[in-house]
Structure formats: structure tokens, C-alpha cells
Amino acid sequence: MKAIRRFTVRPVLPEPLRPLSDLARNLRWSWHTETRDLFQSVDPEHWAASGGDPVRLLGSVRPARLAELAEDRRFLRRLTAVADDLHDYVSGERWYQAHPGELPAAVAYFSPEFGITAALPQYSGGLGILAGDHLKAASDLGVPLIGVGLLYRHGYFRQTLSRDGWQQEHYPVLDPNELPVALLKEADGTPARVSLALPGGTRLHARIWLAQVGRVPLLMLDSDVEENGLGERGVTDRLYGGGSEHRLLQEMLLGIGGVRAVRTYCRLTGHADPEVFHTNEGHAGFLGLERIAELCDQGLDFDAGLEAVRAGTVFTTHTPVPAGIDRFDRELVARHFGPDAELPRLDVGRILALGMETYPGGEPNLFNMAVMGLRLAQRANGVSLLHGQVSREMFSGLWPGFDPEEVPITSVTNGVHAPTWVAPEVFRLGARQIGAQRTEDALTVGGSERWDSVGDIPDQDVWELRRTLREQLVTEVRERLRASWRQRGAGTAELGWIDGVLDPDVLTIGFARRVPSYKRLTLMLRDRDRLMELLLHPERPIQIVVAGKAHPADDGGKRLVQELVRFADDPRVRHRIVFLPDYGMAMAQKLYPGCDIWLNNPLRPLEACGTSGMKAALNGCLNLSVLDGWWDEWFQPDFGWAIPTADGAGTDPDRRDDIEAEALYDLLERRVTPRFYERGQGGLPDRWIEMVRQTLTLLGPKVLAGRMVREYVERLYAPAAHAHRTMNPDRARELAEWKARVRAQWHGVTVDHVETTTATTTAELGTTLGLRVHVGLGVLGPDDVEVQALSGRVDEEDRIADATTVPLKPVGGPDPEGRWVYEGPLSLDRTGPFGYTVRVLPAHRLLASGAELGVVAVPSEDGVEGAGLLMR
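Residues numbered from 1 in each chain as written. Predicted model: local features only at pLDDT ≥ 70, side-chain atom pairs only at ≥ 80, totals over all residues. Heavy atoms only, no water.

**Some details on the overall build of the chain**
Item 1. Along the backbone of the chain there are 28 helices and 29 strands.
Item 2. Each principal axis of the C-alpha atoms in the chain carries an extent, and together these give about 95 × 70 × 50 Å.
Item 3. When burial is assessed residue by residue, the chain has 57% of its 872 residues classed as buried.
Item 4. In the chain, of all internal contacts separated by at least 6 residues, the share reaching a separation of at least 24 is 74%.
Item 5. When the accessible surface of the chain is summed, it comes to about 35,200 Å², and 49% of that surface belongs to carbon and sulfur atoms.
Item 6. Separation of charge centres in the chain, based on 98 positive and 121 negative side chains, amounts to 6 Å. (Helix = DSSP H or I, 4+ residues; strand = E, 2+ residues; numbered from the N terminus. Buried < 20%, exposed > 50% of the residue type's maximum accessible area, 1.4 Å probe, protein only. Contact = heavy atoms within 4.5 Å. Areas by Shrake-Rupley, 256 points an atom, 1.4 Å probe, with all protein chains shown as cover. Lys, Arg positive; Asp, Glu negative; His and termini not counted. Charge placed at Lys NZ, Arg CZ, Asp CG, Glu CD.)

Structure, rendered in C-alpha cells:
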């Protein structure tokens, strides 16, 4: 019989156990070992059955057991200690409160997904895990962040395999009442709501669920409410599901509804209003439109509102390819804004102009969410040094006339939240060495360049730790593999072989991530005979654990999964290579620590950052990766291996895969496996242990989310807060009017003549030349511009690399023809081919960058006398 209605029946905790409810509702338990240990001791069997979820645990434990614990003085002492620790954690001063300088009173952080814990499945991959780690690290550091996202009723899909290895998707319905969240309520006890106007006079209503992530509130909007029609109720059904209009409505609810949710939360709780709004990828970009509308209601016009919003907005891009960006047909966007829909007081044409691809190579009829995000933010960043460079090139069309390196997109390399991803055994080893508090501080706040204390841990302890973790992974893999085969239809009698899958003494390689084609799940299968030899080597075998989900609409990705599964099903190798379905946080937390090698082989440079290898590294796992994302930035031979990239212009994709697969096999055969299996005088793999030690000592402090969030605070949030405070209504109007005037008159700005104090084409190192430039400014004045000399080494095509920029000064007033003369020194500070040029940029004290307006004036070829190349 099937139930016609479902309830969530909550337990009534005895009074002495009431703190358990507070502990279960604050997601700090997901990364705080003592809290998890406490819940496990409530009922170990139910704890395991609940998947380590305290809310589900408390809903299933027997009343008799609760009554027993209420009388257990030892348990109550532990409960009091853990509850007091949480109180100190959420109320005490942390890094942010002790940090000098004017920091934002609050920051609102918007993301379409958040990976906090497996108990709150609101993530699909790296973007969500990164967002979850950002919130946790902000909590540890005391950053007053407010997270904003959506609550998806199906979350992301669950993955199983058919008998022939084809991926199958399942969408379990999530009941918010069974999740570690609570409704945000008005003072009268009714649920707080936000709503959006839709075309045709209907509205989209949403409730606000609150998840408490340590000190950080996470607001999640849920459209599954009775006031909505059937279509509107389904807006927050699935993460990255549905067609274009469905995605557009999700992103309007996230951005516009999210700002309204933040305002509601601050009104109800007294939390400081955010001074900085951080858009994690373009999905939440509409938040800028809502903030412009708020300012227009306060008397600003659109242009002034835009300047005020830009000052306090940070935009982070995570994609290195245009195909990874949401783009909508302009007519679809236009229909959802304006007098008959949302934000009726904003001109639809102005809204569309923010997202249109009005640059060479753009699609003029498409509205691009990342382009809007960049135009609405004064500060933007990629997520690794290489990705920053790729982003500057990808979006350079928004700043015509500037070299890609001058495009105002910086980079903050991602990090991972160590307390979430470091195995308890690794933490305990560190605590034994330097104490629990110092270990916790090192993993959360960070700040040191090196973890030198790792050098004092005996080799034997390091090796025993690695074997323990590998053994735990073997147990976990066998359990998951057996469950997977049962789902695929196998009977118990067929599965005896699983007891021999993997060996705790064999070199173990992990590969787990989403399965788009560029991540090349099946690169390892290019030469199957060679791979089999490596797997079955009589003295130096390897074993591989693979996991990953293909997007439900990506049949190409599903074929890659099936290809890998079929290989792993081969009786000859199935004890050495496994594919585990339903990759998620719970699996990942076992997988990273248990592997000796973390394999990553994307097509360079398509991995924006890639943080799985960071999580593995924090557990003493070595990286074997293409030089992409973060590995390109921090790779050293001391702690890993780089797979060479075959990226010559004439290399077709198949040939490239063959070359790089061959390089991977060679590295494994000649460099990796010998180092793992060779033993020193004490019977230990001394050189391998030294690489593990170097990984922890040198990479550990770099890959922390604490380091990442501190960089965001110091390099982006603090300057954005300062700009926000500076940009009062009068200054916003001033800047908007100045920009309009400069853009309208820029056609009159020219570089008419350039000359130096020497006419020769060679000079000696250390010489300083005088530079004189005649410029026309039209109706603009010297206060509106900066004239610059750029100099540096040049290539064969006379392009300047690593340019040094020097501002030139006006001399006297304009000549009778209205031209101005600018002069300044030009230092010849480098030998070899050297060149210079000059240019005119707009200049205003409120600009964050000279490239902000995307206009520049440079010399014409006939306006140069005695200029050009020096020191050939």
C-alpha cells in the first residue's frame, strides 16, 4: 500500500538533550570531528544507517535510548562541552575581527549550488563544492558572509548503472523538513516570502529556507509553494534542469529574489546589510539589476545606479570556454522584464544592453550571463593564474584596444576546506605532532608559507598512515561495488570475486570528477594492452578507482562512462580497476585520503582550477596531472608529476590524446611505480615518503580555502567595500555623467605626434630619453585623461611584452589648434630588442581601472618621429 500523504515526525528530546537539536541544525557538525563523534555515540547503528546525518539520526533513534542518554552523566558532559565549543565558535572573535583596516560590514555571496554536506544535496560538481568550502572557510575566519542559493526539490540526480554499464539517473524527492534547514519566519510566525512578477500578470512566489553553516547563514529559495501554479512550483525542481525559460526563471529567482531574501533576512535578524555582493559565476548576475532598481527607487537614474552597484560588486568566472556560460535569446529576456513583468521601472533596452555580445565574434541576438556579470562588477577574477589569463583572452572583446593582459580580470586561485576533506587520521597525526589547536588553526586560518613540523613526523608513522587510509578505501570500494552490482541485477552468488577487489599494499590511483569530454575520463584506455600490463604487473602493479557523473543530457559523456565500466567489468582486470557510481561528497571524503596518486588529465587549458587534487594532496596523496588549473601554478617535481601537453598547432585531437596517453603510461611505468615499490635500508619507500612529506609541507598551506578567502577579503572585498562607501549618490551621478561625456567625445581624442630626444635606433643600457607627445583632446581636458608611455622588450612583430607604464605630464596649455603637449622620461632599463608606444586613457579618481570604459587612443603610423625600436 502506498501512503497518500507523508509527514516528518520530529522526536521530542528530553530537556537535558535539547542542545542536540541546535548541534544538528548547525552544519558545522559536517566538518567538526567532536560533534560527529558525539552523534555517533547516540546510536552507532542508526548513525551509519543515516549516512552520518544528525537530523535523520535524531528522527530514528528510539525514545528509550534518548531517555537513557538523558541520565548518562558522561554523555551529558560531552554534550555540554561540544555545545559550549559551538557557542564560542559562533560568537567569539576570529581572524576577520582582529584584521586591521576597513572591512565590509557584510558580504552577500550568491551561487547556483552549494556543496556543504552530503546531507544537503544541493550541488553537482566543483562549482558547488567550491561555494560550500568558501562558506565554511568564511565561517572559520569570522567573515560576515551571507550565502544565497536555491533549494532544489530533487537536488542533482543520483547515478546508477544498467547491466551493460549505461548511466541511469534517479531524482529522489527531498523533503525540506527532513533536511538540516529551517524556514525563515516573519515576526508573526508566518513563513517569510519573496516574489517575482511574471509576464501575463502572474507571480512567482518563494519561501526562504535557512541553513546555518557555522557562523554563516545560507538562504535558499524554494518555489514549491501552494500559491504558485504548477509551472512556477517546478522552477526550483532540479539543479541545471529544464529548458531555456526554466533556467532563466531559476536565475531571476536566484539573483533578484536572492537580493530580496537578503533584505528580508537582515530586516528580521538585525544582520548588517551587505556592502559587497559576490556573484559566483554568471547564474546570479540579475542581482545587479535588482540593486539598480532599489537605487532608482531612492532617486538615482539608471546610469548612476549602475555605477553605485558596480562599485560594490565582485564577479568570479569559473569557465574557460564560452559553451560553459548560460546564454538566452534576447526576446526571451525582454519578455520577462519591463512594464508587464519584473523590474517594470527599468528600461528593457538598458537591461538587454548589459548582457548583449556587442563585440567582434559575439552573437548579437544572445544575452550572455557572464558578460552581464562583468559589466555589473567593478572587480572580477578567474580561479587560478592560468584561468585568469584564459579569461582575459576570452572576454577581451569587452575591452577593445587593450591587450589581454590589461583586461581587468585578476585571479584568486581556489582552495579547499581542509577540515572537511582531511581524514581524521591525518588530523590526529598532526595533532600528535603540534597539538590539536595549532593543527586546527593551520588547517583553517593558514597563513604560514610552509608546514615544517611535518618534517619531524617519523617515516614509519607516515607510511603506516598511508597504508591505513588505503586499507579503509579498499573496504569502502568493496561495499560500494557490491551494492552497485546488486543494483545492476547481479545475485549474491555471482559476487564472491568482490572480496578480492583491490589490495591495500598496491599503488592506488584515483580519478573522480564530472564527465564532460574535456576531462578525458577514458584517456587511460587509449592503449588497453599497455594499461592491462600496468594493472597486472607481477612486481609493480597499479590499481585504479574511478568515479564520475555525466550530465543527464550528455549522451557522449554517458558513452565514456559505459566504455570505462565495460573495461572495468573484464574478469581479467576487475580486481584492479573499479568504477563507482553516484560520485558525491560522502564517497569523495573516503576516496581522496585512500589514494596514493590523484590523476587529472584534462585538455589544457580547459580546467579552470580543479580542486580534487588539492583535497587529495592534503591527505598526503601525490598528484599526476596535466599542467592545467592550479597544478600549472604550483607543480614542483618534489611532490608530483606533470603529464606533458601535446598542444602543437598541427596536432589533431586524436593524435594529441595518443601522445598524452603514451606520456601517462611512461610516467607510471618508469617514474611512479618504481618510486612507490623501491625500498630503502629500513624496508620503507624512503623517496616516496619524502614526496608525501614535501606535498604536505609545501602544498598544504597553499591549497587551503582559508588562504583563498583571506585573498578575497584583502584583494577584492575590502577594496569593493571602500568603493561602495565612496560611491555615494552624488559621486555616482558625477561618475555616470562623466563617463557619458567621455564616451560621447572620445572620437576627438588623438595622438598626433610623438618624438624623442634622440633619433638613433640604438642606445646604451641605463640611458634616459626625453619623450614629447602632442595630443588632441577635443572638448575634453587634461583632467579627463592620462597620457602614458609604455615600454619593454619586443618580439619579432614589435609587440611589447611585460610593458612598463609611465604617466606623462602636460606642459603648459593648449596650442592655437587646441593640441596639448605631454612630456616625460623613458628609461632604457633592458638590453636587447626594446620598444615603446604611447596612448591616452580616460582618467577619473573613481575608476578602478584605466581600461574600465574600454576606450583608448594610440598613435597613427605617420604621427611618429624618431620613435620605434631601440637597442636592437
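**A look at helix H22 (residues 585-594)**
Item 1. Among the ten residues that make up H22, seven are buried, leaving the element largely enclosed by the rest of the structure.
Item 2. Taken together, the buried positions of H22 are occupied by Met-585, Met-587, Ala-588, Leu-591, Tyr-592, Pro-593 and Gly-594.

**Things to note about the packing of helix H25 (residues 653-677) against helix H26 (residues 686-699)**
To characterise two packed helices, one gives the angle between the axes of the helices and the distance between these axes.
Item 1. Running from N to C, H25 and H26 cross one another at 105°; their axes reach a closest spacing of 6 Å. Regarding the angle of H25 to H26, the classification is roughly perpendicular. Here Val-672, Arg-675 and Phe-676 of H25 lie close against H26, whose contacting residues are Arg-687, Trp-688 and Met-691. (Axes fitted to C-alpha atoms, helices over the stretch in contact; angles between N-to-C directions. Parallel < 35°, antiparallel > 145°, perpendicular 65-115°, else oblique.)

**Re the side chain of Gln-562**
Item 1. If you trace the backbone, Gln-562 turns up in helix H21 (residues 555-569).
Item 2. Apart from the residues within four sequence positions on either side, Gln-562 is in contact with Asp-164, Gly-165 and Trp-166.

**Points about the nonpolar core**
Item 1. Judged by nonpolar contacts, the single largest core of 107 residues is most densely connected at Met-524, Ile-544, Ile-597, Leu-624, Trp-641 and Trp-688.
Item 2. In this structure Ile-597 touches Leu-507, Thr-508, Ile-509, Gly-510, Cys-621, Leu-622, Leu-624, Trp-641, Val-672 and Trp-688, once residues within four positions along its chain are discounted. (Core = buried A, V, L, I, M, F, W, Y, C linked by side-chain atoms within 4.5 Å.)

**Focus on a positive patch on the surface**
Item 1. On the surface, a cluster of positive charge is made up of Arg-73, Arg-74, Arg-77 and Arg-78.
Item 2. Tracing the backbone shows Arg-77 in helix H6 (residues 73-91).
Item 3. According to the relative accessible area criterion, Arg-77 is exposed, its value standing at 56%. (Patch = residues over 30% accessible without salt bridge, like charges linked within 9 Å, V, L, I, M, F, W, Y side chains within 5 Å. Salt bridge = Lys/Arg side-chain N within 4 Å of Asp/Glu carboxyl O.)

**Describing a negative patch on the surface**
Item 1. A cluster of acidic residues, Glu-393, Asp-403, Glu-405 and Asp-802, forms a negative patch at the surface.
Item 2. Turning to its location among the elements, Glu-393 is positioned in helix H15 (residues 385-394).
Item 3. Residue class for Glu-393 comes out partly exposed when judged on its relative accessible area of 46%.

**Considering the sheet that holds strand S18 (residues 597-600)**
Item 1. A sheet is described by the order of its strands in space; here six strands give the open sequence S17-S16-S15-S18-S19-S20, paired in parallel fashion. Where the open sheet ends on each side, the last strands, each with one partner, are strand S17 (577-580) and strand S20 (640-643). Averaged over all adjacent pairs, the angle separating strand axes in this sheet is 20°, with direction ignored.
Item 2. Where strand S16 (residues 542-547) meets S17, four bridges bridge the pair, whose relative direction is parallel. (Pairing = 2+ DSSP bridges.)

**Focus: the side chain of Ser-625**
Item 1. Within the secondary structure, Ser-625 is located in strand S19 (residues 622-626).
Item 2. Look at Ser-625 and you get buried, because its relative accessible area is 2%.

**Looking at the pattern of salt bridges**
Item 1. Tallied over the full model, the rule gives 65 salt bridges.
Item 2. Residues Asp-795 and Arg-799 are paired through a salt bridge, measuring 2.9 Å at the closest nitrogen-oxygen approach.
Item 3. Because the salt bridges share partners, they merge into one network encompassing Arg-520, Arg-526, Asp-654, Arg-656, Asp-657, Asp-658 and Glu-660.

**Remarks on the packing of aromatic side chains**
Item 1. Within this structure, the stated rule accounts for 20 aromatic pairs.
Item 2. Aromatic rings pair up to connect Trp-463, Trp-641, Phe-676, Tyr-677 and Trp-688 into one cluster.
Item 3. Over the ring of Trp-421 we find Lys-615; its NZ or CZ atom is 4.7 Å from the centre of that ring. (Phe/Tyr/Trp six-rings, centres within 6.5 Å; stacked < 30°, edge-to-face > 60°. Lys NZ or Arg CZ within 6 Å of the ring centre and 35° of its normal.)

**So, the pairing of strand S8 (residues 216-222)**
Item 1. Most of S8 is tucked away: seven of the seven residues are buried.
Item 2. The alternating pattern of S8 places Val-216, Leu-218, Met-220 and Asp-222 on one face and Pro-217, Leu-219 and Leu-221 on the opposite face, and all of these are buried.
Item 3. Strand direction decides the pairing type here: strand S2 (residues 145-150) and S8, joined by four bridges, are parallel. The residue of S8 that forms the bridge with Gly-149 is Met-220.
Item 4. As paired strands, strand S7 (residues 203-213) and S8 are joined by seven bridges and run antiparallel to one another. The residue of S8 that forms the bridge with Leu-210 is Leu-219.
Item 5. Between the antiparallel neighbours S7 and S8 lie two residues, among them Gly-214 with a positive phi of about 65°.

**Side note on helix H19 (residues 459-487)**
Item 1. The terminal C-alpha atoms of H19, which comprises 29 residues, lie 42 Å apart, in line with the 42 Å expected from a rise of 1.5 Å per residue.
Item 2. Looking at the residues trailing H19, positive phi occurs at Gly-489, about 100°. (Expected span 1.5 Å × (residues − 1).)

**Details of the confidence of the model for the chain**
Item 1. Mean pLDDT over the chain works out to 93, with 97% of the residues at or above the 70 mark.
Item 2. Segment residues 865-872: pLDDT under 50, and 40 contacts once partners within four positions in sequence are set aside and those in other chains are kept. (pLDDT = per-residue confidence, 0-100.)

**Observations concerning the environment of Val-55**
Item 1. Tracing the backbone through its elements, the reader meets Val-55 in helix H4 (residues 54-60).
Item 2. Here the alpha-carbon distance between Val-55 and Ala-24, two residues 31 residues apart in the chain, equals 5.8 Å.
Item 3. Once residues within four sequence positions are removed from consideration, Val-55 is found in contact with Ala-24, Arg-25, Glu-178, Leu-179 and Pro-180.

**As for the pairing of strand S4 (residues 167-170)**
Item 1. In this structure, strand S3 (residues 158-161) lies alongside S4, joined through four bridges in antiparallel fashion. Among the inter-strand pairings, Leu-161 is bridged to a residue of S4, identified as Gln-167.
Item 2. The antiparallel hairpin formed by S3 and S4 contains five residues in its connecting segment, where Gly-165 sits at a positive phi of about 90°.

**Some thoughts on the environment of Gly-338**
Item 1. As for its placement among the helices and strands, Gly-338 is situated in the loop between helix H12 (330-335) and helix H13 (348-355).
Item 2. Accessibility expressed as a relative area gives 0% for Gly-338, which makes it buried.
Item 3. Taking C-alpha positions, Gly-338 is 48 Å from Gly-446, a pair spaced 108 residues apart along the chain.
Item 4. Setting aside its immediate chain neighbours within four residues, Gly-338 contacts Leu-343, Pro-344, Leu-346 and Val-348.

**Looking at the environment of Thr-837**
Item 1. With respect to the helices and strands, the residue Thr-837 is situated in strand S27 (residues 834-842).
Item 2. Taking the C-alpha atoms as reference points, Thr-837 and Ser-791, separated by 46 residues in sequence, lie 6.5 Å from one another.
Item 3. For Thr-837, the residues in contact, after removing those within four places along its chain, are Gln-788, Ala-789, Leu-790, Ile-800 and Pro-859.

**What to know about the state of the cysteines**
Between two cysteines, a covalent bond joining their sulfur atoms is known as a disulfide.
Item 1. Scanning all chains against the criterion turns up zero disulfides.
Item 2. Here Cys-595 is not cross-linked by a disulfide; its sulfur's nearest cysteine counterpart is in Cys-621, at 5.7 Å. (Disulfide = S-S within 2.5 Å.)

**Overview of unusual backbone geometry**
Item 1. At the junction of Arg-604 and Pro-605, the peptide bond is cis and its omega measures out at 5° in the coordinates.
Item 2. Within the secondary structure layout, Pro-605 lies in the loop between S18 and helix H23 (612-617).
Item 3. Positive phi, close to 75°, is recorded for Glu-281, a residue that is not glycine.
Item 4. Structurally, the position occupied by Glu-281 is in the loop between strand S9 (276-280) and helix H10 (287-297).

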